[in-house]
Amino acid sequence: MLMTYFETYLGRYEPYKNGAWCYEDGCIYRGLECLHRATGEPRWRVHLVRMVDARMEDGPALAGYDPNAYNIDNVLPGRALLYLHEITDEQRYLDAAALLAGQLVSQPRTRSGVYWHKLRYPWQVWLDGIYMGAPFQIGYGLRVGDDALLADALTQVGTALDMTYVPASGLYAHAVDEARKQPWANPETGHSRAHWARALGWLAMALVDIAELVGPERFAPLQARTRALLDRIAELRQPGGLWLQVIDRPDLAGNYEESSASAMFIYALLRGDALGLSNGVPEGLFELLTEKTLRPAQAGGLEFVEICEVAGLGMFEDRFRDGSAEYYLSERRVADDAKGVGPLMMAAASALEREESRTPLRASR
């Protein structure tokens, strides 16, 4: 049933931003990579090649991609380019990935050395950006043999964790403003106000992916914090089985179990367990996710529901996003958004690997 849902979804999928290179499509690419690695089935590779090739142009160039926007989100889909180069040995994929690596060479950084999230978000580090940038930079460094890229990425992640950690909750702030200028930022810490689950999902996925890429010896400086985060996430799972939109506020009226973050956490917990970074994963957790979130669609088939469409900080279109718990609950809920379906694919792949007792995850595959 689940694989049929994925096939149907991919068959009708439209590029997220009018065909421009973007992180939302990158979530689907990553899901396809994970499914292909886990199953070896050619159909996932076929979908991935079809979708990525449609965004590539001569030059090399990527459709709608502007490196001068210094948007770290745009780096995430580059992981698919690295994977396709790995499995096809076609140079065009590595050449396209070099465009994204080139952006990172001059990406603005905070005084503490971490990439700005975007040019229009000066001095700001977001948890989202750790996932968008660091695993690609590490993967690219491994592919081209540039150890300095690995060292830089690992240092940035450690610094970003220092900057965003909130001792009172044992979690990490969605974002921090190093300049303490943003209206949403705490004037003393620079932190945003509430713990949005999907932001923590991006972080958890980033950490387990990095651990897998670099291996236990190089990951050692991040290991304790990763274990602590995964343990804290496991503690915050609700009696209903999933995780809340504002993850640590079960007392908050209108708070709800959010599907994309729940898929991310299940992926991270399963991957972390395989890497020896978590204290186990309850049996049937992934199956519970699909039972609760895959519903019959009006047009037939299934849809993946209760996904927060988007959330952020600062001005967006005609409104100010203040980072409060109430703000995160105000964002629209949708079905079948790529930011949810991609992590659902990733979690499904990890659940398959666990079920089939495949070879343990390798450190640099």
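Since the structure is predicted, the reported quantities are computational estimates derived from the model, not experimental observations.

What follows concerns helix H10 (residues 259–274). Working note: α-helix, 3.6 residues per turn, so residues spaced by three or four point in the same direction. With 16 residues, H10 extends 23 Å from end C-alpha to end C-alpha; this agrees with the ideal 22 Å at 1.5 Å per step. The buried count for H10 comes to 14 of 16 residues, which makes it a mostly enclosed element. At the exit of H10 stands Gly276, carrying a positive phi of roughly 75°.

Attention shifts here to the pattern of salt bridges. By the definition in use, this model includes 29 salt bridges. The shortest N-O distance in the salt bridge between Arg37 and Glu33 comes to 3.0 Å. Highlighted residues: Arg37 and Glu33, both in helix H2 (residues 23–39), separated by 4 residues, approximately one helical turn. According to the relative accessible area criterion, Glu33 is buried, its value standing at 5%. In this structure, the salt-bridge partner of Arg225 is Asp162, at a minimum N-O distance of 2.7 Å. Placement of Arg225 in helix H9 (residues 216–235) and of Asp162 in helix H7 (residues 147–164) is noted, with a sequence separation of 63 residues between them. A single network of salt bridges, built from pairs that share partners, joins Arg30, Glu33, Arg37, Arg79, Glu86, Arg143 and Asp209.

Over its 18 residues, helix H6 (residues 127–144) runs 26 Å from end to end, which matches the ideal 26 Å to within 8%, given 1.5 Å per residue. Among the 18 residues of H6, 15 are classified as buried, and the element is accordingly described as predominantly covered. Two residues or fewer past H6, Gly145 is found with a positive phi of approximately 75°.

Now for unusual backbone geometry. For the peptide bond that leads from Gly59 to Pro60, omega is 0°, which places it in the cis range. For Pro60, the position within the fold is in the loop between strand E1 (56–57) and strand E2 (61–62). Its identity is not glycine, yet Arg180 carries a phi of approximately 55°, on the positive side. Its place among the elements puts Arg180 in the loop between strand E6 (175–177) and helix H8 (197–214). The exposure class of Arg180 is partly exposed, given its relative accessible area of 35%. Phi at Asp336 takes a positive value of approximately 65°, unusual for a residue other than glycine. Residue position: Asp336 is located in the loop between strand E12 (333–334) and helix H13 (338–355).

Right, let's get into the side chain of Arg321. Relative to the helices and strands, Arg321 resides in strand E11 (residues 319–321). Comment: no salt bridge for buried Arg321; closest opposite-charge side chain is Glu331, at 5.2 Å. A polar contact is formed between the side chain of Arg321 and the backbone oxygen of Leu313, at a distance of 3.2 Å. In this structure, Arg321 is in contact with Tyr121, Trp184, Ala311, Gly312, Leu313, Gly314, Met315, Phe316, Tyr327 and Glu331, ignoring residues within four places of it in sequence.

For Glu309, the location among the structural elements is in the loop between strand E9 (307–308) and strand E10 (314–316). Here Glu309 falls in the partly exposed class, since its relative accessible area comes to 23%. On a C-alpha basis, the gap between Glu309 and Gly340 in space is 9.0 Å, while along the polypeptide they are 31 residues apart. Each residue touching Glu309, except ones within four places of it in the same chain, is listed here: Tyr16, Arg198, Arg332, Val334, Asp337 and Lys339.

In this section: the packing of H7 against H9. Here H7 crosses H9 at 15°, and the two axes come no closer than 10 Å. Between H7 and H9, the angle is such that the two are roughly parallel. Where H7 crosses over H9, the handedness of that crossing is left-handed. Contact residues: H7 offers Asp147, Leu150, Ala151, Leu154, Val157, Gly158, Leu161 and Asp162, while H9 offers Arg218, Leu222 and Arg225.

What follows is about empty space enclosed by the protein. One water molecule sets the probe size; rolling that probe over the atoms shows where empty space is left. The full count for this structure, using the stated rule, is 1 cavity of 30 Å³ or more. Of the volumes computed, that of the largest cavity is approximately 150 Å³. Going through the elements one at a time, strand E3 (124–126), H6 and H7 are the ones with two or more residues in the lining of the largest cavity. If one sorts the elements of the lining of the largest cavity by residue count, H6 sits on top with 5 residues. Among the residues making up the lining of the largest cavity, the classes are represented as 11 nonpolar, 6 polar and no charged.

Quick notes on the rules
Here the residue index of a chain counts from 1 through its sequence in written order. Only residues with pLDDT of at least 70 get local features here, since the model is predicted, and only at 80 or more are side-chain atom pairs given and counted; chain-wide, interface and lining totals rely on the full set of residues. Values shown for side chains rest on all heavy atoms present in the structure; no hydrogens or waters enter the calculation. Strands here are runs of E lasting at least two residues and helices are runs of H or I lasting at least four, both read from the DSSP assignment and numbered beginning at the N terminus. Helices are assigned an expected span. That span is 1.5 Å times one less than the residue count. Working definition: with a 1.4 Å probe on protein chains only, accessible area under 20% of the residue-type maximum means buried, over 50% means exposed, and in between means partly exposed. Within this document, salt bridges are pairs made up of a side-chain nitrogen of Lys or Arg and a carboxyl oxygen of Asp or Glu, the two lying within 4 Å of each other. For the charge count, each Lys or Arg is scored as positive and each Asp or Glu as negative, with His and the chain ends excluded. For this analysis, a polar contact is any N or O atom pair within 3.5 Å, provided that within protein one partner can donate a hydrogen and the other can accept it, and provided that sequence-adjacent residues contribute only side-chain to side-chain pairs. Contacts: residue pairs with any heavy atoms within 4.5 Å of one another. Axis lines are fitted through C-alpha atoms, for helices just across the contact stretch, and the angle between N-to-C directions can take any value from 0 to 180 degrees. Any angle from 65 to 115 degrees is called roughly perpendicular, while one under 35 is roughly parallel, one over 145 is roughly antiparallel, and all others are oblique. Each crossing gets its hand from how the near helix is turned against the far one by less than a right angle, where anticlockwise is left-handed and clockwise is right-handed. A pocket, in this scheme, is an open set of points on a 1 Å grid over the protein atoms alone with protein on both sides within 12 Å along at least 5 of 7 lines, while a cavity is a set where a 1.4 Å probe fits but cannot get out; residues line either one if an atom lies within 4 Å of a point. Grid points are joined across faces, edges and corners, and a volume is the space filled by probe spheres set on the points. Ten residues, namely Ala, Val, Leu, Ile, Met, Phe, Trp, Tyr, Cys and Pro, are considered nonpolar, four, namely Asp, Glu, Lys and Arg, are considered charged, and the remaining ones, Gly among them, are considered polar.

That is the geometry; function is a separate question.
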